[in-house]
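As a plain string of letters, each chain reads:
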Amino acid sequence: MKAARIPRFGTPDVFSIDDIPKPTLKQDEALVDIKACGVNRMDTELRAGVYGGEPVEDFIFGKNIVFPHLPGVEPAGIVDTINGSPSGLVLGANVVPHSHLSCGTCSYCLTGYDNVCPEIRVLGVQTPGCGGYAEYFAWPTAGLISFKDTLSFEQASALLVNYGPVWFGLIERGGLKEGETLVVTGAAGGCGHAALDIARMSGVRAIAITRSPEKEILLRNAGADEVIIDRAGENWAEEVLELTSGRGAECVVELVGAATWPRSVEAAALHGRIVVIGSHSGLSADLNLGQVFGKNLSIEGITRANRSAMERVIRLAEKNKLVPHIGHTIELDDVAEAHRLMEADEHTGKIVLTLS
Ligand SMILES: [Zn+2]
């Protein structure tokens, strides 16, 4: 089968389109014929060997990468073959994998927080030889979630690592409610679009932060009620305070990291919640603890979605209540171009690799 792999860390040109054997199925696994795979910021940073400006080996998911590495954390496809228990799946079903494997027996797994499992293994990162940048992948049948054809493969792939964790962070951990205000940093990316869409569906006022003035209309179309341009030398948190009559936002979703963090804390309302899902601009940021206790802030860190959040966003998207915006579809053969597009920040919405 065709697979886009990296023999070492490097620039987008490091990708090699290889012909490798199809995966061999273990007991109770299915072979999935991949039709689309989202490109995630995690993919580009793992490829480069740098996360948030620091060596990827220092990051929790960057340890023990095995070369040649087969990336791809967001595949969607069709069940081709099943070996053993189908776990309710049928051949030919449209499926996405839950984004990771977990032990199933620890206290976190047993209480519904499989995304916190200490034995977590993320697809396309910690599963050597198994990733979405290929024609097929093998995955436990119990870890696959089927979806109706009201949802395209491209849209389904956008749900995995964008909508799932953002839903888990905003709704389940952040307690975001109708009538509240949400600030979205890095709003033009995949998770940013997911946050705007979830806010729109939930009756939440969304304020999008972006460095790109040309993306304002697209962000408004994606669900932003207000768009603030993050210009050098200006403080966008002050604009958030102006837009909220000095109150600030009840919830801030931090998708950028060190570059926006101080403003995110400043923009949060008293008793506000800051949900941290990404820190690509830098892992280490200054934190004014006086603001944290003085404003009674809660800071929620999110890694992946739990299974119930994943199921929830898929069912909502099937009904068209959540509508992932696919900005770019690119053939797997042109994966290097897809990575360059993401690294140049020239994309809007989700970049998805397709396999014909
Ligand atoms: Zn576990």
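What you see is a predicted model, and the numbers here were worked out from it, not measured in a lab. (Residues numbered from 1 in each chain as written. Predicted model: local features only at pLDDT ≥ 70, side-chain atom pairs only at ≥ 80, totals over all residues. Heavy atoms only, no water.)

(A) The arrangement of the coordination of the zinc ion in detail. Within the first shell, the zinc ion binds the protein through Cys 103 (SG), Cys 106 (SG), Cys 109 (SG) and Cys 117 (SG), at distances of 2.3 Å. One way to put it: the four donor atoms around the zinc ion meet at angles of 106 to 116°, and that makes the site tetrahedral. When its relative accessible area of 16% is taken as the criterion, Cys 106 is described as buried. The exposure class assigned to Cys 109 is buried, which follows from its relative accessible area of 14%. (Donors = N, O, S within 2.8 Å, 3.2 Å for Na, K, Ca; no water. Tetrahedral: all angles 85-135°; square planar, octahedral: opposite > 155°, others 65-115°. Buried < 20%, exposed > 50% of the residue type's maximum accessible area, 1.4 Å probe, protein only.)

(B) Main features of the nonpolar core. In terms of nonpolar packing, the biggest core is built from 60 residues, with Leu 170, Leu 182 and Leu 196 touching the most fellow members. Contributions of two or more residues to this core are made by helix 1 (41-48), helix 3 (153-173), strand 12 (181-184), helix 4 (190-202), strand 13 (205-210), strand 14 (226-229), strand 15 (249-254) and helix 9 (307-318). If you tally residues by element for this core, the top one is helix 3, at 10 residues. Of the domains in this structure, domain 1 (2-146 + 325-354) and domain 2 (164-301) are the two that each give at least three residues to this core. Here Leu 196 is in contact with Val 184, Ala 187, Ala 206, Ala 208, Leu 219, Ala 222, Gly 223 and Ala 224, once residues within four sequence places are set aside. Core analysis: the second largest hydrophobic core is formed by 36 residues, Val 14, Val 32, Ile 330 and Leu 332 among them. (Core = buried A, V, L, I, M, F, W, Y, C linked by side-chain atoms within 4.5 Å. Helix = DSSP H or I, 4+ residues; strand = E, 2+ residues; numbered from the N terminus. Domains from an automatic or database assignment. Contact = heavy atoms within 4.5 Å.)

(C) Looking closely at helix 6 (residues 236-243). Every buried residue of helix 6 is listed here: Trp 236, Ala 237 and Val 240. Each buried residue of helix 6 sits inside an arc of 105° when the element is viewed along its axis, so together they form one side. Lining the buried residues of helix 6 we find strand 12, strand 13, strand 14, strand 15 and helix 7 (261-267). Here helix 6 starts with a cap whose side-chain oxygen sits 2.9 Å from the backbone nitrogen of Ala 237, and that cap is Asn 235. (Arc of directions from axis to C-beta. Polar contact = N/O pair within 3.5 Å; in protein donor to acceptor, adjacent residues only side chain to side chain.)

(D) Quick peek at the side chain of Gln 155. Mapping Gln 155 onto the fold places it in helix 3. We classify Gln 155 as buried; its relative accessible area is 17%. Beyond its immediate sequence surroundings of up to four residues, Gln 155 is in contact with Thr 150, Val 323, Pro 324 and Ile 326.

(E) Main features of the sheet that holds strand 14. Read from one edge of the open sheet, six strands run 14-13-12-15-16-17, paired in parallel fashion. Sheet topology places strand 14 and strand 17 (298-301) at the edges, where each strand pairs with a single neighbour. For this sheet, the mean angle separating the axes of adjacent strands, direction not counted, is 20°. Pairing analysis gives four bridges linking strand 13 to strand 14, with the strands arranged parallel. The residue of strand 14 that forms the bridge with Ile 209 is Ile 228. (Pairing = 2+ DSSP bridges. Axes fitted to C-alpha atoms, helices over the stretch in contact; angles between N-to-C directions.)

(F) Looking closely at the domain arrangement of the protein chain. With domains assigned, the protein chain is organised as domain 1 (2-146 + 325-354) and domain 2 (164-301). Relative placement of domain 1 and domain 2: their C-alpha centres are 27 Å apart. Opposite the 15 residues of domain 1 that make contact, domain 2 presents 14 residues. When domain 1 packs against domain 2, close to 1200 Å² is buried across both sides, 57% of that on carbon and sulfur atoms. Considering only the side of domain 1, the residues that lose the most area to domain 2 are Tyr 51, Gly 52 and Thr 348, jointly responsible for 35% of the buried surface there. Summed over the shared surface of domain 1 and domain 2, the number is one salt bridge. (Buried area = accessible area lost by both parts, 1.4 Å probe. Salt bridge = Lys/Arg side-chain N within 4 Å of Asp/Glu carboxyl O.)

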